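Read off the chains here:
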Amino acid sequence: MKIFSGSASRDLTKKVADHLRLPVATIEHHVFPDGEQRVMLKESVVNEDTVVLQSTGMPTDRHYMELFFMIDALRRSGAKSTTVVVPYLGYQRQDHVFREGEARSLEVVIRFMEQAGGTRFIGLDFHSVKIPEVFLKPVIPLSALSLFAEKIKQEQLLDNDTVLVSPDMGGIRRLDILSDLLGGVPTVSVEKNRDLITGDINAGAIHGMIKKKAIILDDMISSGKTIVQAAKVLQHQGVVEMFVFATHAIFSEDASTILQGSPVQKVYVTDTIHVPEIKQFAKLQVISVAEMIAEALREV
Ligand code: R5P
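Described in the following lines is the structure provided in the data block.

Each value, and the rule that gives it
Residues numbered from 1 in each chain as written. Predicted model: local features only at pLDDT ≥ 70, side-chain atom pairs only at ≥ 80, totals over all residues. Heavy atoms only, no water. Phe/Tyr/Trp six-rings, centres within 6.5 Å; stacked < 30°, edge-to-face > 60°. Helix = DSSP H or I, 4+ residues; strand = E, 2+ residues; numbered from the N terminus. Buried < 20%, exposed > 50% of the residue type's maximum accessible area, 1.4 Å probe, protein only. Near = heavy atom within 4 Å. Polar contact = N/O pair within 3.5 Å; in protein donor to acceptor, adjacent residues only side chain to side chain. Areas by Shrake-Rupley, 256 points an atom, 1.4 Å probe, with all protein chains shown as cover. Nonpolar A, V, L, I, M, F, W, Y, C, P; charged D, E, K, R; others polar. Pairing = 2+ DSSP bridges. Axes fitted to C-alpha atoms, helices over the stretch in contact; angles between N-to-C directions. 1 Å grid on protein atoms, 1.4 Å probe; cavity = no way out; pocket = protein on both sides within 12 Å on 5 of 7 lines; lining within 4 Å. Points joined across faces, edges and corners; volume = space filled by probe spheres on them. Right-handed = clockwise from strand over helix to strand, strands pointing away. Parallel < 35°, antiparallel > 145°, perpendicular 65-115°, else oblique. Left-handed = near helix turned anticlockwise from the far one by under 90°. Contact = heavy atoms within 4.5 Å.

## Digging into the packing of aromatic side chains
In step 1: If you walk through the whole model with that rule in mind, you get eight aromatic pairs.
In step 2: For the pair phenylalanine 68 and phenylalanine 112, a centre-to-centre distance of 5.2 Å together with 80° between the ring planes defines the contact as edge-to-face. With phenylalanine 68 in helix 2 (residues 60–76) and phenylalanine 112 in helix 3 (residues 105–116), the pair connects residues that are 44 residues apart, well separated along the chain.
In step 3: Classification of phenylalanine 68 as buried rests on a relative accessible area of 9%.
In step 4: Ring pairing ties together the aromatic residues Tyr64, Phe68, Tyr91 and Phe112, which thus form one cluster.

Dropping the structure here:
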């Protein structure tokens, strides 16, 4: 097996490759002054099972184009198979047409990856359970929830005064899974209202009985507003300790600053998206999904 990294995921790929006791295969990636990209494999892949690992966080389009080209290069160069690991799948919040006239953007990027030559796909904590159905090729959906459960136990964050909180109604299924993994912790959800034009977020009614300590769970943090708004509502209702767990650290706009300044004690994310030094903050802790991806690759 030969494993290649896209430019968005070098650290994670190295960790995955180390778990598999493989070197990271060499590929050249060049960005021209006009923004066009070129990739070139620097080793033979003829009849090889290959893996390409690239997260498609910001800048999403650029990372996708690079990934399409890498998959195409592998197919043209004679690879036997190409497993595409996309730890964070960009455009997954556009998995269906919400309003007439919109594109189904996720389907477009998935078709590109499939057409380019992807044999199978691995992703983590998809935004919706229906996302694997958008693929025509096999998908292995992984989840960081078991790692979160381990961390919560390790750091002894649970006591009789703890609830699990979803900062929006769409996250209830995810919350129930984490609750089960932890042996049945009570759950609460906060209503989120998002203005579809401006993107502004307001947290509204709380469903369920809150307690003094809250573990807030989400699949991704982009601007950070969903978490911060929910945390403020919870604080207003008497919650005194809050810990956040989210798989994908997109960290757009000033997410790092507002999370650091929020009432939450700590923010746990994974390395599905590389968090550059400039976006790191004191309350942040990153949990690696490398071993989980390596395990999945061992079985393909
Ligand atoms: C939305 O449905 C997602 O689960 C996240 O809650 C959302 O994408 C987070 O976005 P932001 O951090 O910009 O509020």
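## Points about the site of the ligand
In step 1: Residues in close proximity to the ligand total 15 residues, the closest being Asp218, Asp219, Ser222, Ser223 and Thr226.
In step 2: The side chain of arginine 93 places a nitrogen or oxygen atom 3.0 Å from an oxygen atom of the ligand.
In step 3: In this structure, an oxygen atom belonging to the ligand sits 3.3 Å away from a side-chain N or O atom of lysine 192.
In step 4: In the complex, 91% of the free accessible area of the ligand, which totals 380 Å², lies under the protein chains.
In step 5: Of all the elements, strand 11 (residues 213–221) adds the most residues to the shell around the ligand, at four residues.
In step 6: For the shell around the ligand, the residue count by class is three nonpolar, five polar and seven charged.

## Things to note about the sheet that holds strand 4 (residues 49–53)
In step 1: The five strands are arranged 1-4-5-6-7 in an open sheet whose pairing can be described as parallel. In this open sheet, the two strands that pair with only one neighbour each are strand 1 (2–5) and strand 7 (139–142). Here the average twist between neighbouring strands, direction ignored, is 15°.
In step 2: Pairing of strand 4 with strand 5 (residues 81–86) involves five bridges; the strand directions are parallel. Residue valine 51 lies in a different strand from strand 5, and its bridge partner there is threonine 83.

## Some details on empty space enclosed by the protein
In step 1: Counting across every chain of the model gives one cavity of 30 Å³ or more.
In step 2: Considered as a void within the structure, the largest cavity measures approximately 30 Å³ in volume.
In step 3: Along the walls of the largest cavity sit Val86, Leu89, Phe121, Ile122, Gly123, Phe126 and Phe135, which together make up its complete lining.
In step 4: Top contributing element to the lining of the largest cavity by residue count: strand 6 (residues 120–124), with three residues.
In step 5: Split into classes, the residues belonging to the lining of the largest cavity amount to six nonpolar, one polar and no charged.

## What to know about the pairing of strand 5
In step 1: Buried residues dominate strand 5, accounting for six of its six residues.
In step 2: Once the chain exits strand 4 it traverses helix 2 before rejoining the sheet at strand 5, and the crossover so formed is right-handed.
In step 3: Relative to strand 6, strand 5 runs parallel, the two being bridged by four bridges. In the strand pairing of strand 6, valine 86 is matched with glycine 123.
In step 4: Viewed along the sheet, the connection from strand 5 through helix 3 into strand 6 turns out right-handed.

## Structural notes on the packing of helix 1 (residues 10–19) against helix 8 (residues 290–298)
In step 1: Interhelical geometry of helix 1 versus helix 8 gives an angle of 55° and a closest axis separation of 8 Å. If you check the angle between helix 1 and helix 8, you find them oblique. Viewed along their axes, helix 1 and helix 8 form a crossing whose handedness is right-handed. Here Leu12, Lys15, Val16 and His19 of helix 1 lie close against helix 8, whose contacting residues are Ala290, Glu291, Ile293, Ala294, Leu297 and Arg298.
In step 2: In terms of residue class, the contact of helix 1 with helix 8 is made up of six nonpolar, one polar and three charged.

## A few points about the side chain of aspartate 168
In step 1: With respect to the helices, strands and loops of the structure, aspartate 168 is situated in the loop between strand 8 (162–166) and helix 5 (172–181).
In step 2: In contact with aspartate 168, not counting residues within four places along its chain, are Val190 and Lys192.

## Things to note about the sheet that holds strand 13 (residues 266–270)
In step 1: Taking strand neighbours across the sheet as the criterion, the seven strands line up as 10-9-8-11-12-13-14 in an open arrangement whose pairing is mixed. Pairing within the sheet leaves two strands with one partner each, and these edge strands are strand 10 (201–207) and strand 14 (284–287). Neighbouring strand axes in the sheet, compared pairwise and without regard to direction, differ in orientation by 25° on average.
In step 2: By the bridge criterion, four bridges tie strand 13 to strand 14 in an arrangement that is parallel. Bridge pairing links valine 267 to leucine 284 in strand 14.

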